[in-house]
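# Architecture and fold: a report
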Amino acid sequence: GFDLEVKGWGVEDVHLYRKYLRSDQIVIRTPVSGLFHLWHEKLCADELTPEQYRMCIQSKAMNEASHSHLGMLVFREEIETHLRKQAYKTQSRPAE
């Protein structure tokens, strides 16, 4: 049931999964102890469709970065603003 017309990274498995969800089949996602995915670098090529590229980046984020690290990147500007304010307060205090 895979769409063999898909070129480049991803989406064929997602499309197949969605096809099963829309069918009369009962879909159960369950871990299989003997099944694993061997890590390999994900290259999100410029030639990918916008959907493929977004999914590729999401996959990289989920598998190659911690939740904490991603949060630090998202809130980087807020953190830097806080640090600048704290540095200014420290510099503005009169010497004792």
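Provided above is the structure to which this section pertains.
Here is a short report on the structure shown in this document. (Residues numbered from 1 in each chain as written. Predicted model: local features only at pLDDT ≥ 70, side-chain atom pairs only at ≥ 80, totals over all residues. Heavy atoms only, no water.)

So, on to the state of the cysteines. One pass over the structure, following the stated rule, counts one disulfide. The partner cysteine of C44 in its disulfide is C56, sulfur to sulfur 2.0 Å. Given an S-S torsion of about -85 degrees, the disulfide between C44 and C56 has left-handed geometry. Of this pair, C44 sits in the loop between helix 1 (12-22) and helix 2 (50-64) while C56 is found in helix 2, placing the two residues twelve residues apart along the sequence. By relative accessible area, which is 15% here, C44 ends up buried. (Disulfide = S-S within 2.5 Å. Helix = DSSP H or I, 4+ residues; strand = E, 2+ residues; numbered from the N terminus. Buried < 20%, exposed > 50% of the residue type's maximum accessible area, 1.4 Å probe, protein only.)

Under the defined criterion, the tally for this structure stands at one salt bridge. A salt bridge links E51 to R18; its shortest N-O distance comes to 3.7 Å. With E51 in helix 2 and R18 in helix 1, this residue pair connects regions lying 33 residues apart in the sequence. The exposure class of R18 is partly exposed, given its relative accessible area of 37%. (Salt bridge = Lys/Arg side-chain N within 4 Å of Asp/Glu carboxyl O.)

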